[in-house]
Structures are given as C-alpha cells and as structure tokens.
Amino acid sequence: MSTPHEESAQNDAGRLPQTVLPDAYHLDLKVIPANKQFSGHEIINVRILHPVQTVTLHALEITVGRVQVHQNNKIFLAEVSFDPSNETVTLALSKPLET
C-alpha cells in the first residue's frame, strides 16, 4: 500500500521524496582500510512531513542488515529492498509512520 506521496519515490534526477527529511545522523563505524570496507550501525533522526509506510534512502554499494524504526515508544521492523538501478534502498513498514 502506498500513498500519493510515496508513489513519487523515484523522482527524476535521483531526487528522493520529500516526505521524510533527516535532521541528524549518528554513526558508529568500524573502518577496515586494507579491505576498503566498513561495518557498523547508523541512527537517523528524521522529520515525517506526511504519513508514510515506506522510506527511500540513497544506497550505493552498501549492505543493510536489520532495520528498526522507533516512533512514539513503539518499535517497527522494516523490510529492506534494494533498487540498484536507482541506487536506493526502500524500507517498508507494516504500519504507517505518522507526522
């Protein structure tokens, strides 16, 4: 199920939908220079401008493991799908995130 705002997820020129905007990034990374790799986890604080059930992010040559979304003292697990042609990853939730 998608909303009209989500249907524009693949805007032209690589632009992401303007439904969820990042406010802050918190990174905990382990860099392995010899292998040109890194691992770790990331927390992104966001503003939700319209209720959404999917969130699309830029993702080039990256693997995403488990994704949790926290909102109003609830935790949602997200299903992760990749779109290599658009260099994005989409997080699909079982319930919409509210503004």
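This write-up is about the structure you can find in this document.

Reading the values: rules and limits
Residues numbered from 1 in each chain as written. Predicted model: local features only at pLDDT ≥ 70, side-chain atom pairs only at ≥ 80, totals over all residues. Heavy atoms only, no water. Helix = DSSP H or I, 4+ residues; strand = E, 2+ residues; numbered from the N terminus. Buried < 20%, exposed > 50% of the residue type's maximum accessible area, 1.4 Å probe, protein only. Contact = heavy atoms within 4.5 Å. Areas by Shrake-Rupley, 256 points an atom, 1.4 Å probe, with all protein chains shown as cover. Salt bridge = Lys/Arg side-chain N within 4 Å of Asp/Glu carboxyl O. Core = buried A, V, L, I, M, F, W, Y, C linked by side-chain atoms within 4.5 Å. Pairing = 2+ DSSP bridges.

Details of the overall build of the protein chain
Each helix and strand in the protein chain was counted, giving zero helices and six strands. Secondary structure elements in the protein chain, listed N-terminal to C-terminal, are β-β-β-β-β-β. With 99 residues in all, the protein chain has 24% of them scored as buried. Sequence-distant contacts, at least 24 apart, represent 54% of the contacts inside the protein chain between residues at least 6 apart. On the protein chain, roughly 7,500 Å² of surface is accessible, and the fraction owed to carbon and sulfur atoms is 52%.

A few points about the pattern of salt bridges
When the charged atoms of two side chains lie near each other, side chains of opposite charge can form a pair. The tally for this structure, following the rule as stated, stands at one salt bridge. Its salt-bridge partner being Arg 47, residue Asp 23 comes within 2.8 Å of it at the nearest N-O pair. Of this pair, Asp 23 sits in strand 1 (residues 20–32) while Arg 47 sits in strand 2 (residues 37–48), and the two are 24 residues apart along the sequence. Residue class for Asp 23 comes out partly exposed when judged on its relative accessible area of 47%.

Some words on the nonpolar core
Most often, soluble globular proteins keep nonpolar side chains buried together rather than apart. Among the nonpolar cores identified, the biggest contains 13 residues, and Val 52, Val 55, Leu 91, Leu 93 and Leu 97 are the most heavily contacted of them. Only strand 3 (52–58), strand 5 (74–83) and strand 6 (88–97) provide two or more residues apiece to this core. By residue number, the principal contributor to this core is strand 6, which donates four residues.

Notes on the pairing of strand 4 (residues 68–71)
Side chains Val 69 and Gln 71 of strand 4 all project onto a buried face; the interleaved residues Gln 68 and His 70 project onto a face where none is buried. Note that strand 4 and strand 5 share four bridges and pair antiparallel. Residue pairing in the sheet places Gln 68 in a bridge with Leu 77 of strand 5. Between strand 4 and strand 5, which follow one another and run antiparallel, lie two residues, and Asn 72 among them has a positive phi close to 50°.

Considering the pairing of strand 1
Note: strand 1 against strand 2, 12 bridges, orientation antiparallel. Within strand 2, the residue paired with Ile 32 across the bridge is Gln 37. The turn joining strand 1 and strand 2, which pair antiparallel and follow one another in sequence, is formed by four residues; a positive phi near 55° is taken by Lys 36.

None of this, on its own, says anything about what the molecule does.
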